[in-house]
Amino acid sequence: MKDYILILTNKDDESIEPVIEELKKIKANFFRFNTESFPLTTTIELALLNGKPIGSLSDKNGNTLINWEGIKSVWYRRPASARIENEKLAESCVQFIKNESSTALWSLYTSFEVFWMNHPLVSQRLLEHNKLYQLKEASVEGLDVPDTLITNNPDKLLQFCQSHKGTVAVKLLKGGWFVKEGSNVPLSIFTQKITEDEIKNRFNEIRLAPVLAQEYIEKKLELRITIVGDNIFSCAIHSQDSEQTKIDWRQYDFKNVKHESWQLPAEIEVKLLLLMKKWGLTYGAIDMILTPNGKYTFLEINPNGQWFWIEQITGMQISKAIAEILANPPK
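The following paragraphs examine the structure supplied in this document. Per chain, the residues get numbers from 1 upward, laid out in the order the sequence is written. With pLDDT at 70 or above as the cut-off, local features in this predicted model cover only qualifying residues; side-chain atom pairs require 80 or more to be listed or tallied, and sums for whole chains, interfaces and linings still use all residues. Note: side-chain values were computed over all heavy atoms of the structure, leaving out hydrogens and water.

This next bit is on the overall build of the chain. For the chain, the helix and strand inventory stands at 10 helices and 18 strands. For a compact globule the rule gives 2.2 Å times the number of residues to the power 0.38, and the radius of gyration it is set against comes from C-alpha atoms. What you see for the chain is a C-alpha radius of gyration of 22 Å, in line with the 20 Å of a compact globule of 331 residues. For the chain, the C-alpha atoms occupy an extent of roughly 65 × 50 × 40 Å along the three principal directions. Exposed residues in this analysis have more than 50% of their type's maximum accessible area, buried residues have under 20%, and partly exposed residues fall in between, with area computed by a 1.4 Å probe over protein chains only. Relative to its 331 residues, the chain shows a buried fraction of 44%. Note that accessible areas follow from Shrake-Rupley with a 1.4 Å probe, and for residues the cover is restricted to the protein chains shown. As displayed, the chain offers around 17800 Å² of accessible surface, 49% of which is attributable to carbon and sulfur atoms. For this count, His and the chain ends are skipped, Lys and Arg are scored as positive, and Asp and Glu as negative. Just so you know, the charge point we use is NZ for Lys, CZ for Arg, CG for Asp and CD for Glu. Side chains of the chain give 39 positive and 42 negative charges; the mean places of these two sets differ by 1 Å. What counts as a helix is a DSSP run of H or I of at least four residues, what counts as a strand is a run of E of at least two, and both are numbered from the N terminus.

Here the focus is helix α5 (residues 154-162). Of the residues making up α5, those classed as buried are P154, L157, L158, F160 and C161. Here the buried residues of α5 occupy an arc of 160 degrees about the axis, which is enough to place them on one side. Residues of α5 that are buried sit in contact with β8 (148-151), β9 (167-171), β12 (192-195), α6 (196-200), α7 (203-208) and β13 (211-215). Whenever two N or O atoms come within 3.5 Å, that pair is a polar contact, provided that in protein one can donate a hydrogen and the other can accept it, and provided that, for residues adjacent in sequence, both atoms are side-chain atoms. Capping of α5 at its N-terminal end is provided by N153; its side-chain oxygen lies 2.9 Å from the backbone amide nitrogen of D155. This arc corresponds to the set of directions leading from the helix axis out to the C-beta atoms. By the convention used here, residues are in contact when the closest approach between their heavy atoms is within 4.5 Å.

This next bit is on the packing of helix α4 (residues 131-140) against helix α8 (residues 266-279). For every element, the axis is a line fit to its C-alpha atoms; helices are fit only across the contacting stretch, and the angle between N-to-C directions ranges from 0 to 180 degrees. Interhelical geometry of α4 versus α8 gives an angle of 125 degrees and a closest axis separation of 10 Å. The angle between the axes of α4 and α8 places the two elements in the oblique class. As for how α4 packs across α8, the hand of that crossing is right-handed. Contact residues: Y133, Q134, E137, A138 and V140 in α4; L275, K278 and W279 in α8. Any angle that is under 35 degrees is reported as roughly parallel, and any over 145 degrees as roughly antiparallel; angles of 65 to 115 degrees are reported as roughly perpendicular and all others as oblique. Each crossing gets its handedness from the near helix: less than a right angle anticlockwise from the far helix is left-handed, clockwise is right-handed.

Our focus in this paragraph is the sheet that holds strand β4 (residues 52-59). The three strands are arranged β3-β4-β5 in an open sheet whose pairing can be described as antiparallel. With one partner strand each, in any of the chains shown, β3 (42-49) and β5 (64-67) form the two edges of the open sheet. Each strand of the sheet is rotated relative to its neighbour by a mean of 15 degrees, with strand direction disregarded. A pair of strands counts as paired when DSSP detects no fewer than two bridges linking them.

Glycine aside, negative phi is the norm for most residues, and most peptide bonds take the trans geometry. Of note, the amide linkage connecting F38 to P39 takes the cis form, showing an omega dihedral of 10 degrees. Checked against the element boundaries, P39 lands in the loop between β2 (29-34) and β3. A cis amide bond links M117 with the next residue in sequence, N118, at an omega value of -20 degrees. Of note, N118 is situated in the loop between β7 (115-117) and α3 (120-127). With phi around 55 degrees, R78 is a residue other than glycine that occupies positive phi space.

See below:
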């Protein structure tokens, strides 16, 4: 009987806990698999017999933790790669183990024919930081999107800036953290506004790596829209109330930046749901801008984006919605 929810995640993801609490309230059967435990402290068996995948996950003592045949839904929530802590192993050997383990897990993920939030094959093309693809598809569905350029040609970037009133927003294509030479402190680069003069002064730097530039959209406020199934949780982030967050709300200033639930126009909700359906997503965290003249502009979607801070501030029951759809997946 298929009655278990499998949560694929890592031991450090605290946002799993509020969903687990909701699952406990409705007495749903679930198992949390922190994938970095494989293969050192967990064992996978996955066989294809008569065309059907069967097998189980066990602990290091051989005790079965969950049978794959009993799974009715899977929450793909940022699973991690193997953590190999063995000083006796050469680095090449460690890398070999990690590669083989990740491939085994990928075989496992792609064998389940159950409800997913979200299937890695579905969200892969979105998770690879493919903002241009996202913008193109959003535009097809009738959403407003900013003019965008990807280039390492400083002349083209300068022309793009000149054609958009002399100022554009520059973003990283992939993002992530980096460490400056001589420092152990990880840093992140946020969205920045740059002018024609700044581009002219950085010609040599721009040639070294491509950047993503967009026309700068003036903001009345920003929106973080979390969609779970057909449920839309829209949060207005009043980023313009703080100098710290005017360009990028991710430079959080909770003391001065109000978060509140927001009612989107029905036509925007319809377009976002159509976009979710088009991509085959059952969960998505969408960023949009509301301009001073009332236009909604789509920026991007993260199929594995964070939501819990919004729930804590606004009281919107996003964790409950996630738990309920996993426990009662649509047919």
